[in-house]
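The residues making up each chain are set out below.
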Amino acid sequence: MTSLPADPSAPLGEDDRDSAVRRLQEAYAEGHVPHEEMDGLLHQVLTAGTHDELVAALASLPAEKPAGTSTIAAAGGRITRRGEWRVPRTLKVASAYGSVRLDLSRAVFEHPVVDIELEVGTGSARITVPRDAVVDLDALRTGWKDSRYKPRRPSRPGGPTIRISGVMGFGRLTIRHARR
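Conventions we followed
Residues numbered from 1 in each chain as written. Predicted model: local features only at pLDDT ≥ 70, side-chain atom pairs only at ≥ 80, totals over all residues. Heavy atoms only, no water. Axes fitted to C-alpha atoms, helices over the stretch in contact; angles between N-to-C directions. Helix = DSSP H or I, 4+ residues; strand = E, 2+ residues; numbered from the N terminus. Parallel < 35°, antiparallel > 145°, perpendicular 65-115°, else oblique. Left-handed = near helix turned anticlockwise from the far one by under 90°. Contact = heavy atoms within 4.5 Å. Nonpolar A, V, L, I, M, F, W, Y, C, P; charged D, E, K, R; others polar. Polar contact = N/O pair within 3.5 Å; in protein donor to acceptor, adjacent residues only side chain to side chain. Pairing = 2+ DSSP bridges. Phe/Tyr/Trp six-rings, centres within 6.5 Å; stacked < 30°, edge-to-face > 60°. Buried < 20%, exposed > 50% of the residue type's maximum accessible area, 1.4 Å probe, protein only.

> Quick question: what am I supposed to make of the packing of helix H2 (residues 35-47) against helix H3 (residues 51-58) here?
When two helices pack together, their arrangement is given by the angle between the helix axes and by the axis-to-axis distance. Relative to each other, H2 and H3 sit at 165°, their axes nearing to 9 Å. Taken together, the axis directions place H2 and H3 in an arrangement best described as roughly antiparallel. Judged by the twist between their axes, the crossing of H2 over H3 is left-handed. In this structure, H2 contributes Leu41, Gln44, Val45 and Thr47 to the contact, and H3 contributes Glu53, Leu54, Ala57 and Leu58. The class makeup of the residues in the contact of H2 with H3 is five nonpolar, two polar and one charged.

> Sorry if this is basic, but what is going on with the side chain of Arg89 here?
Its place among the elements puts Arg89 in the loop between strand S3 (86-87) and strand S4 (90-97). Among the polar contacts listed, one links the side chain of Arg89 to the backbone oxygen of Val113, at a separation of 3.3 Å. There is a polar contact of 2.8 Å between the side chain of Arg89 and the side chain of Asp115. Not counting residues within four places of it along the chain, the set of residues in contact with Arg89 comprises Arg22, Glu26, Gly68, His111, Val113, Val114, Asp115 and Arg163.

> How should I be thinking about the sheet that holds strand S1 (residues 69-74) in this particular structure?
The pairing of strands in a sheet happens through backbone hydrogen bonds and is either parallel or antiparallel. A sheet is described by the order of its strands in space; here five strands give the open sequence S1-S4-S7-S11-S9, paired in parallel fashion. With partners counted over all chains shown, the strands left at the sheet margins are S1 and strand S9 (134-142), one partner each. For this sheet, the mean angle separating the axes of adjacent strands, direction not counted, is 10°. Where strand S7 (residues 113-122) and strand S11 (residues 161-170) come together, nine bridges link them in parallel fashion. Residue pairing in the sheet places Thr122 in a bridge with Phe170 of S11.

> Any chance you could explain the packing of helix H1 (residues 14-29) against H3 here in plain terms?
Relative orientation of the contacting elements H1 and H3 amounts to 5°, with a least axis distance of 11 Å. In this view, H1 runs roughly parallel relative to H3, as classed from their interaxial angle. Between H1, through Asp16, Ala20 and Arg23, and H3, the contact on the second element is made entirely by His51, Leu54 and Leu58. Looking at the contact of H1 with H3 residue by residue, the class counts come to three nonpolar, one polar and two charged.

> Honestly, the packing of aromatic side chains in this entry has me stumped. Any pointers?
Any aromatic ring pair is given by two values, namely how distant the centres are and how the planes are angled relative to each other. On inspection of all chains with the given rule, the structure shows one aromatic pair. Ring centres of Trp144 and Phe170 lie 6.3 Å apart, and the angle between their planes is 55°; this geometry places the pair in the tilted category. In this pair, Trp144 sits in the loop between S9 and strand S10 (148-149) while Phe170 sits in strand S11, placing the two residues 26 residues apart along the sequence. Among the residues examined, Trp144 registers a relative accessible area of 55% and is labelled exposed. Taking the relative accessible area as the measure of exposure, Phe170 reaches 55% and is therefore exposed.

Structure representation (structure tokens):
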């Protein structure tokens, strides 16, 4: 969540509410919020009008972990990550032109939900995700070609959720699940 304003009774912005919902979802996914309480807490967060009300709705959650954000950027050429590497909570990938290759099949996930923010001008992007990953592409905008992704039929529980957002300009995003 963003830092609190000087006046805690100030109206909430959409970013604050979205951040609170995301934090509540992560706490639920990590088992800190029982299923029976989730609907009530979500209702409190969505109906909160001020920062005070939002803080009261989230008071029962454990302290927020420091967000891990990494940025990979290149004006041109290839951006590649593969093998065993730690995936941060938020990964920002920016490429003006060139290709992006992210292989997450052997990566180490420290968070149940990972956000990948793509900013690709001209070029392609290919992301290989673990077999049991759940991929969410709802926040991704494509300019020229649609993304290629075929979800696995029954996804095994326990895998990471990978939310991909941002903009793909003139190029295509291809996502596939690892075979092993």
